Amino acid sequence: MSRIPGTKTRRNAELGLLAFAMLLVAVFAATVEANQLGHVGSAFWVPAALLGLLFFGLHMVVRFTAPYADPVLLPAVALINGIGVVFLRRLDLAKAIANKEAVPGVFALTGGRQLAWTLGALMLAAILLLVIRDHKVVSRYAYTLGLVGIVLVMLPAVLPRSLSEVNGAKLWIKLGPFSIQPGEFAKLALVSFFAYYLVRKREVLSLASRRFMGIDFPRGRDLGPVVTVWLLSLLVLVFEKDLGTALLYFGLFVVTLYVATERASWLIIGLVMFFGGVYVAYLLGAAVGGPFKNFYDRASVWLDPFNSAFYNRPVGGSYQLVQGLLGLGTGGMFGSGPGAGSPGQVPEVRTDFIFAGLGEEIGLFGLSALLVAYLLIVERGLRAAIGVRDSFGKLVAGGLAFTLGLQVFVIVGGITGLIPLTGQTTPFLSAGGSSLMANWLLIAMLLRISDAARRPETGGPVAPAGGLKQPPAQLHGAMTEVIKP
């Protein structure tokens, strides 16, 4: 969509923030090399420069296809993505030094692959922005997307363990040297389906049967969709052996349902159903084992990670969790410095535990800054949901923002011992292409919806910079107001 003459798009602000983010990534890379190699090489800036060129390319696509999109989303994600690439290269440097090998090139090993995955992810995001010029078009394919999402979620569960299981969780499809995590893409399809379904069924699901303790509860006959998604999430928990994915899908549906209906009772029902199901799965794991045993073991490790019976297990034990906790504790407030720690002592630090490895080197202050960057992305997604003028866009943007926030919570909660460990990856940080590409598609969709939210109405008064035309007194409840498309 073209720019309306005489209106501000804030694209130059986005470009400035993007340049500042890449400067921080370059400083981080220089510090890593200084601590790892004892000097700063002449090519320390290459990863940051290449990333800057890639992000600049996406910025230009946004400038011409979504000129009113939120100017903070792209720079915030670029900063996290850039730090992830540099930290993975830092792990490659440490491994090469330990093995007395030559310093790996920029495009070598895990760091180089992550750089290539970033290129692919940004190309997908650009294609989505170029093809989908109006987010409401997605609603035409809602049921197809819902079916695709369910198939992607359940596919690893029905495949043999040799083709789907990694570290006890059946979340993958492995084909030779390549592997993909289909659940990462399923969440995008399911968000679109949930949003379309709830827009159509909002009035029915908003009906209350009785009032208890000041809260209106829905009619029993309307619990069908919630029970269906609850059963699906429990199947994921039992057969794919992953609490994080089950919590992500069920939490996404319940929160979207709450946003659509404005009924707090749905949140209460959702929490009771999910934690009740988890507790029953834990009891069945202790009593009968079978498909419930993996979850029982993970919960037992979480309850007592320093128990030697769990710590000494080569697979599914608590060694990884304990090493991650020790790394976070060693980092303290300010960390040992980029490149000056020992994150390689944490198993799977490139994927599941990258947050713990970073915590040792950048400390609590650095991790807090990263969490603030994630918080900015989620907040801007919710702002787009508030500002967009159609109900489908509100639910999609709200669902996508919540999905990202919940995924970060699940990862950080598992690493810090707040909840049992999951098989989720840290968005934009962890090594791997599935998560990176799916989450960049998520950001592209948020950019598209925020462009619609901030775009002034043709022939009407120009919207302010925030993109909202409602006066402050009307903002209350705007997130849940449904406007017929």
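Shown above is the structure to which this text applies.
1. Quick look at the overall build of the protein
The helix and strand inventory of the protein stands at 16 helices and six strands. Classification of the 485 residues of the protein by burial places 54% in the buried group. In the protein, of all internal contacts separated by at least 6 residues, the share reaching a separation of at least 24 is 72%. When the accessible surface of the protein is summed, it comes to about 20,800 Å², and 68% of that surface belongs to carbon and sulfur atoms.

2. Here's the deal with the nonpolar core
Across soluble globular proteins, you tend to see nonpolar side chains buried next to one another. Core analysis: the largest hydrophobic core is formed by 126 residues, its most contacted members being Leu58, Leu358, Leu370, Phe428, Leu429, Trp440 and Ile443. No other element matches helix α3 (residues 73-98), which puts 14 residues into this core. With residues near it in sequence (within four places) discarded, Phe428 still touches Val77, Ile80, Asn81, Tyr374, Leu404, Leu436, Asn439, Trp440 and Ile443.

3. A word on the packing of aromatic side chains
Considering all chains together, one arrives at twelve aromatic pairs under this definition. A connected cluster of aromatic rings, assembled from ring pairs, spans Tyr143, Phe193, Phe194, Tyr196, Tyr197 and Phe253.

4. What about the packing of helix α14 (residues 354-387) against helix α15 (residues 391-415)?
Look at α14 against α15: their axes get within 8 Å of each other, and the N-to-C directions meet at 165 degrees. Overall, the two elements α14 and α15 adopt an arrangement that is roughly antiparallel. The crossing of α14 and α15 is left-handed. Seen from α14, the contacting residues are Phe355, Ala356, Leu371, Tyr374, Ile377, Val378, Gly381, Leu382, Ala384, Ala385 and Ile386; seen from α15, they are Lys394, Ala397, Gly398, Ala401, Leu404, Gly405, Val408, Val412 and Ile415. Of the residues assigned to the contact of α14 with α15, the class counts are 16 nonpolar, three polar and one charged.

5. Remarks on the pattern of salt bridges
In this structure the tally under the stated criterion is twelve salt bridges. One salt bridge connects Glu184 with Lys187, and the closest N-O pair in it is separated by 3.0 Å. Taken together, the residues Glu184 and Lys187, both in helix α7 (residues 182-206) and three residues apart, mark about one turn of the helix. Residue class for Glu184 comes out buried when judged on its relative accessible area of 2%. Among the charged side chains, a salt-bridge network with shared partners connects Asp70, Glu379, Arg380 and Arg383.

6. Here we look at the environment of Val229
For Val229, the position within the fold is in helix α8 (residues 224-239). Note: C-alpha distance between Val229 and Val254 (25 residues apart in sequence) is 9.1 Å. When neighbours within four sequence positions are excluded, Val229 is seen to be in contact with Phe194, Tyr249, Phe250 and Phe253.

Calculation rules
- Residues numbered from 1 in each chain as written.
- Predicted model: local features only at pLDDT ≥ 70, side-chain atom pairs only at ≥ 80, totals over all residues.
- Heavy atoms only, no water.
- Helix = DSSP H or I, 4+ residues; strand = E, 2+ residues; numbered from the N terminus.
- Buried < 20%, exposed > 50% of the residue type's maximum accessible area, 1.4 Å probe, protein only.
- Contact = heavy atoms within 4.5 Å.
- Areas by Shrake-Rupley, 256 points an atom, 1.4 Å probe, with all protein chains shown as cover.
- Core = buried A, V, L, I, M, F, W, Y, C linked by side-chain atoms within 4.5 Å.
- Phe/Tyr/Trp six-rings, centres within 6.5 Å; stacked < 30°, edge-to-face > 60°.
- Axes fitted to C-alpha atoms, helices over the stretch in contact; angles between N-to-C directions.
- Parallel < 35°, antiparallel > 145°, perpendicular 65-115°, else oblique.
- Left-handed = near helix turned anticlockwise from the far one by under 90°.
- Nonpolar A, V, L, I, M, F, W, Y, C, P; charged D, E, K, R; others polar.
- Salt bridge = Lys/Arg side-chain N within 4 Å of Asp/Glu carboxyl O.

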